[in-house]
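Residues per chain, in single letters:
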Amino acid sequence: MKRSSPPCALILMLGLFATRTPLAAQTNQLGSISFPTSGMPEAQEQFTRGVLLLHSFEYEDAAESFREAQQLDPDFALAYWGEAMAYNHPVWMEQDLEGARAVLQRLGPTLEARLVKAPTAREKDYLRAVDVLYGQGDKESRDGAYAAAMRELREAYPDDLEAAAFYALSLLGTSHGGRDIPTYMRAAAVVEEVFHQNPHHPGAAHYLIHSYDDPIHAPLGLRAARAYSKIAPAASHAQHMTSHIFTAMGMWDDVVSANETAWSVADERARRKNLPVDARNFHALYWLEYAYLQQGRYADAQRMLEIMRTDAARSGSQRTRGYLAHMRAAYIVDTRRYDAAADINVQTSDLGIRAAATDLFVMALGLLDGGDRAGAEGIVERMAARRQAVLEAGGEQITAVQYVVSRSYTPAVQAAEILEMELQAVLLRDEGRHDAAVELLKSATAKEDNMPFEFGPPFVAKPSHELLGDLLLELGRAEEAFREYESSLARTPRRASSLLGLARAATASGKQKEALAAYADLHEIWHSADADVPELDEVSSARR
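Residue indices follow the written sequence of each chain, beginning from 1 at its first position. With the structure being a predicted model, the display of local features is reserved for residues of pLDDT at least 70 and the display and counting of side-chain atom pairs for 80 or more, all residues being used for whole-chain, interface and lining totals. Based on all heavy atoms of the structure, the side-chain values leave hydrogens and waters out of the count.

Enquirer: So what about unusual backbone geometry? Which residues, and what values?
Expert: One non-glycine residue, Met93, lies in the positive phi region at around 60 degrees. Numbering of helices and strands runs from the N terminus, with a helix taken as a DSSP run of H or I at least four residues long and a strand as a DSSP run of E at least two residues long. Position of Met93 among the secondary structure elements: in the loop between β1 (88–89) and β2 (94–95). Residue Arg336 is not a glycine yet carries a positive backbone phi of 60 degrees. Per-residue accessibility, obtained with a 1.4 Å probe over protein chains only, is compared with the maximum for each type, and a residue is labelled buried under 20%, exposed over 50%, and partly exposed between these values. Look at Arg336 and you get partly exposed, because its relative accessible area is 35%.

Enquirer: Residue-level account of the side chain of Glu123, with values.
Expert: Structurally, the position occupied by Glu123 is in helix α7 (residues 121–133). Whenever a nitrogen or oxygen atom comes within 3.5 Å of another N or O atom, the pair is scored as a polar contact, on the condition that within protein one atom can donate a hydrogen and the other can accept it, and that pairs from neighbouring residues in sequence are kept only if both atoms are in side chains. Here Ser38 takes part through its side chain, which lies 2.9 Å from a polar atom of the side chain of Glu123. A distance of 3.1 Å separates polar atoms of two side chains, one belonging to Glu123 and the other to Thr120. Contacts between residues were defined by any pair of non-hydrogen atoms, one from each residue, lying within 4.5 Å. With sequence-adjacent residues up to four places away left out, Glu123 is seen in contact with Thr37, Ser38, Leu78 and Ala118.

Enquirer: Run through the environment of Ala340, naming residues and quoting values.
Expert: Take Ala340: it is sitting in the loop between α17 (318–335) and α18 (353–369). Separated by 49 residues in the primary sequence, Ala340 and Ala389 have C-alpha atoms spaced 29 Å apart. Each residue touching Ala340, except ones within four places of it in the same chain, is listed here: Arg328, Tyr331 and Ile332.

Enquirer: Quick rundown of helix α22 (residues 464–474)? Include the residues and the values.
Expert: Most of α22 sits inside the fold, with eight of its 11 residues counted as buried. By the burial criterion, the buried members of α22 are Ser464, His465, Glu466, Leu467, Leu468, Gly469, Leu471 and Leu472. Considering only its buried residues, α22 is in contact with α20 (411–430), α21 (434–449), α23 (478–491) and α24 (496–508). Gly476 sits one or two residues past α22 and shows a positive phi near 80 degrees.

Enquirer: Any details on the packing of helix α2 (residues 41–55) against helix α11 (residues 202–212)? Residues and values, ideally.
Expert: Between the N-to-C directions of two axes lies an angle of 0 to 180 degrees, each axis being a line fitted to C-alpha atoms and, for a helix, fitted only over the stretch in contact. Relative orientation of the contacting elements α2 and α11 amounts to 15 degrees, with a least axis distance of 8 Å. Considering the angle they form, α2 stands roughly parallel to α11. Seen along the crossing, α2 lies across α11 with a hand that is left-handed. Seen from α2, the contacting residues are Leu52, Leu54 and His55; seen from α11, they are Pro202, Gly203, His206 and Tyr207. Polar here means any residue outside two lists: the nonpolar Ala, Val, Leu, Ile, Met, Phe, Trp, Tyr, Cys and Pro, and the charged Asp, Glu, Lys and Arg; Gly therefore counts as polar. Classifying every residue of the contact of α2 with α11 by side-chain character gives four nonpolar, three polar and no charged. Note on angle classes: values under 35 degrees are labelled roughly parallel, values over 145 roughly antiparallel, values of 65 to 115 roughly perpendicular, and the remainder oblique. By the definition used in this description, the sense in which the near helix is turned from the far one sets the handedness, with an anticlockwise turn below a right angle giving left-handed and a clockwise turn giving right-handed.

Purely spatial values, then, with no claim about function.
Below you can see the structure in the form of structure tokens.
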């Protein structure tokens, strides 16, 4: 049994512990929460730091802090709750079920035994909720039951901002098929109140960004994005997360700044803890490369790609090679430098289906550019066979270390199908069957429009509306092309290739006002573009 000790309500505010221990200095850089428990004060500090890290999805460091709290206070029930929570990644649809259950087993072999270790009714309720999360049934049903348990917890303790924040996160974790706007708005409604009551709460800012990071709702998340980087400067993910809103609004200078910082913060952590190459924030690197591409900073984008290529070779992990596939595709598609596809390793079978399809897609573009039509046709067959295998298996189960992605998360399969259709359309165009190519791309755009919106760089490496616009413009159907570029920009705001296409289509169809506006927008985006970007003269001339 836990020894008797007075409840401790440790409130961590920005700047509060600036003159104290190194732990306090680190916690000072993660935000501010109040999470009173019955743990010993010295264990409570580590526990609170763990919760702050949880809110910024710094899961490995969070688990480490909770384990340190357990060492300081072995019967501290919520320290085990916290470590178990670090094995659930709701927004990413990842969960290490067995790892979490093992943590709870260390506290007690049964829920009843664990509840005995929790002195207060509130702490018992947190343990009951996490028991539901890692209970019986498949991941989807457990996620739904957990969200219901967290709703009850929040209603039982209306003044507990942590209950509200984790309830909002649990709602986001029920959107298994991709972004479900009503669910995301319900989560936002809960966490808006948390952010209002505590503007320094990292989870409040973070979950608001996730709730709003699509082109329609992004302006609602701008306040949280501006705040979050200041709330948790020591969290690499916090620095990156702000760019979810900036990308959804086409604010490329801000996207670059956010991800340069995120990359630097992650590297500082890796050096400090002597971590392997896979600890680098390749997610931020990918977004940074994409932002450089939009700015016309192709040389900087290529530098990021070379970093990724080197690290993928050093690591060899599925994760690093997947990021290499997406970054290489973004570079090839946005610069149209198809010779960069020459070094692609054709052994893509162990990659996730979207990464594999992306690699194959740009490989085929490179082959076509070099005149190898037969090679490109063979790649279409490989893409179709891989997709069919996934469909016959009932979905894709991707293992990343010990985490398993939900099988019902299907947008990756849909993206692979769209890339396959796009490549087929390019082949049709190549043989002069223009009408058939247009019709196939219209089908591809319908499929992409029906997909849940995915934040960040385009989920389909070459947006289908943009490719259809390119083809229609090439065929002299400028009015139709203009509409396709508008549709592309609605999904990928201020994307440079779509803006350029829009400007050209507007010019060709006599829409001078729209053309000037598009060229002006592109001129602003390319304020620091490389001098050898081929379209720079076109943009400058159009503004004279």
